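Residues per chain, in single letters:
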Amino acid sequence: MIKKILLYLLFFTVIPVAATEYNQLAVKAERFYHYGEWPSAIAMYQLMLQQDSRVPSTYCHAIVASARMGQPEQEMYYLRRSMDAGIPLDSIYDGVQVLSFRDGSAHLYENFLKEAGKSYPWLHRNIDARLLDYYCWRNDATGMINYAEIMLAETPNNVKFLTALADGCFMKNMFTKGINTYLTILSLQPDNYHALLVLGNYYYDRGLKDRSDKEAPILAAQYLNKAFTLHPTPYLKTRLDSLHRQ
């Protein structure tokens, strides 16, 4: 009976002590991270992972701290450890993204994804999709076109990727390729509002710039009318009324 009581007391004493030590490490890590003391922060994250390897944010902070030190190989080390610990990859990607964006250093997230793609080629599909999202967020036309084409090579009828490609082409004034891509989207989704709106506005503006282009107003009316039936707005009504007066 005494032995059982001693074991009981030992169990419920060790748990709080361990939890307290972990919390103290977390507080120190947060302070070091906040003040940009990256080696000290990483040392704390190492100790935290020794105590509990199941917390995604620890890996994410260690990865970003490593990136701040210009050590991509260390970033990949923590990514590998997270995979070994069974942490979902999306949790790591999302965490690194949040930390990088929060600090105004979005390029750290971009570089991390590219390094992960090189180090672990079997992850490329998910990583390329995330890079495409990143370039769309940045309105980086070149990145949008490059990564949309990479994704479309395997899924040529994916409307999300087609839209990124078409938008990127329009940003770079590659109108012929952009128009053809929007038409592909409409062949797959005839009621795609974004494609209808972009094409309608493109032909509307082209008709204003070149009054000799008799086809442009007709195409503008066709696409804008369809967009208006899907989502009527004062903006579209004004444009359509203007076309009717021409």
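For the structure itself, consult the block above.
Throughout this document, residue positions are counted from 1 along each chain, in the order its sequence is written. Whole-chain, interface and lining totals are the exception, using all residues; otherwise, since this is a predicted model, local features are given only for residues with pLDDT of at least 70 and side-chain atom pairs are given and counted only at 80 or more. Based on all heavy atoms of the structure, the side-chain values leave hydrogens and waters out of the count.

## Points about the overall build of the protein chain
Looking only at helices and strands, one finds 13 helices and zero strands in the protein chain. Where helices and strands are cited, they refer to DSSP runs of H or I of at least four residues and of E of at least two residues respectively, numbered from the N terminus. Along its sequence from the N terminus, the protein chain presents helices and strands in the succession α-α-α-α-α-α-α-α-α-α-α-α-α. Taken over C-alpha atoms, the radius of gyration comes to 27 Å for the protein chain, far larger than the 18 Å a tight globule of 246 residues would show. Taking the principal axes of its C-alpha atoms as reference, the protein chain extends roughly 95 × 40 × 35 Å. Across the 246 residues in the protein chain, those meeting the buried criterion constitute 42%. Throughout, a contact is declared for two residues whenever any of their heavy atoms are within 4.5 Å. Contacts in the protein chain between residues far apart in sequence, at least 24 positions, make up 52% of those at least 6 positions apart. The protein chain carries 25 positive and 24 negative side-chain charges, and their two centres are separated by 3 Å. Radius of gyration: C-alpha atoms only; globule rule: 2.2 Å multiplied by the number of residues to the exponent 0.38. Partly exposed residues are those whose accessible area sits between 20% and 50% of the maximum for their type, while under 20% is buried and over 50% is exposed, using a 1.4 Å probe and protein chains only. His is not counted, nor are the chain ends; Lys and Arg add positive charge and Asp and Glu add negative charge. We put the charge of a Lys on NZ, of an Arg on CZ, of an Asp on CG and of a Glu on CD.

## Concerning the environment of Pro 72
Inspection of the secondary structure assignment puts Pro 72 in helix α4 (residues 72–84). In this structure the C-alpha to C-alpha distance between Pro 72 and Asn 111, which are 39 residues apart in sequence, comes to 8.6 Å.

## A look at the packing of α4 against helix α6 (residues 106–119)
Note on geometry: axes are C-alpha line fits, over the in-contact stretch for helices, and angles between N-to-C directions span 0 to 180 degrees. Taken N-terminus to C-terminus, the directions of α4 and α6 make an angle of 70 degrees; their axes are 10 Å apart at the nearest point. Looking at the two axes, α4 sits roughly perpendicular to α6. Across the interface between the two elements, Pro 72, Glu 75, Met 76 and Leu 79 of α4 pack against Phe 112, Glu 115, Ala 116 and Ser 119 of α6. Side-chain classes are defined by residue name, with Ala, Val, Leu, Ile, Met, Phe, Trp, Tyr, Cys and Pro counting as nonpolar, Asp, Glu, Lys and Arg as charged, and the others, Gly among them, as polar. When its residues are assigned to classes, the contact of α4 with α6 shows five nonpolar, one polar and two charged. Put simply, angles under 35 degrees are roughly parallel, angles over 145 are roughly antiparallel, angles from 65 to 115 are roughly perpendicular, and the rest are oblique.

## Things to note about α4
Helix span, as expected, comes to 1.5 Å for every residue beyond the first. In this model α4 runs 18 Å from its N-terminal to its C-terminal C-alpha over 13 residues, within 8% of the 18 Å that 1.5 Å per residue would give. Among all positions in α4, only Glu 75, Met 76, Tyr 78, Leu 79, Ser 82 and Met 83 are buried. Burial along α4 is one-sided: seen end-on, the buried residues are contained in an arc of 160 degrees. Residues of α4 that are exposed and point over 90 degrees away from its buried face: Glu 73 and Asp 84. Those residues of α4 that are buried lie in contact with α2 (38–51), α3 (56–68), α5 (89–102) and α6. Directly after α4, the chain includes Gly 86, whose backbone phi takes a positive value near 80 degrees. The arc in question is formed by the directions pointing from the helix axis toward the C-beta atoms.

## A short note on the packing of aromatic side chains
For Phe, Tyr and Trp, rings pair up if their centres lie within 6.5 Å, where Trp contributes its six-membered ring, and each pair is then called stacked (planes under 30 degrees apart), edge-to-face (over 60) or tilted (otherwise). For the structure shown, the criterion picks out 17 aromatic pairs. Each ring, one from Tyr 203 and one from Tyr 223, has its centre 6.1 Å from the other, and the planes form 15 degrees; the classification is stacked. Here the residue Tyr 203 occupies a position in helix α11 (residues 193–209), and Tyr 223 occupies one in helix α12 (residues 215–230), the gap between them amounting to 20 residues. With respect to burial, Tyr 203 and Tyr 223 carry one shared label: buried. Aromatic rings pair up to connect Phe 101, Tyr 109, Tyr 134, Tyr 135, Trp 137 and Tyr 147 into one cluster.

## Looking at α12
If you check α12, its first and last C-alpha atoms are 23 Å apart, about what 16 residues at 1.5 Å a residue would give, namely 22 Å. Of the residues making up α12, those classed as buried are Ala 216, Leu 219, Ala 220, Ala 221, Tyr 223, Leu 224 and Ala 227. On the buried face of α12, the contacting elements are α10 (175–188), α11 and α13 (234–245).

## Digging into the pattern of salt bridges
Any carboxyl oxygen of Asp or Glu that lies within 4 Å of a side-chain nitrogen of Lys or Arg is treated as forming a salt bridge with it. Scanning the model with the defined rule gives 15 salt bridges in all. Arg 125 is paired through a salt bridge with Glu 154; the nearest N and O atoms lie 3.7 Å apart. Here Arg 125 is found in helix α7 (residues 124–138), whereas its partner Glu 154 is found in the loop between α8 (141–152) and α9 (159–171), with 29 residues between them in sequence. Residue class for Arg 125 comes out partly exposed when judged on its relative accessible area of 24%. For Asp 191, the salt bridge identified is with Lys 226, shortest N-O distance 3.1 Å. In this pair, Asp 191 sits in the loop between α10 and α11 while Lys 226 sits in helix α12, placing the two residues 35 residues apart along the sequence. Through salt bridges with shared partners, a single ionic network connects Arg 68, Arg 102 and Asp 103.

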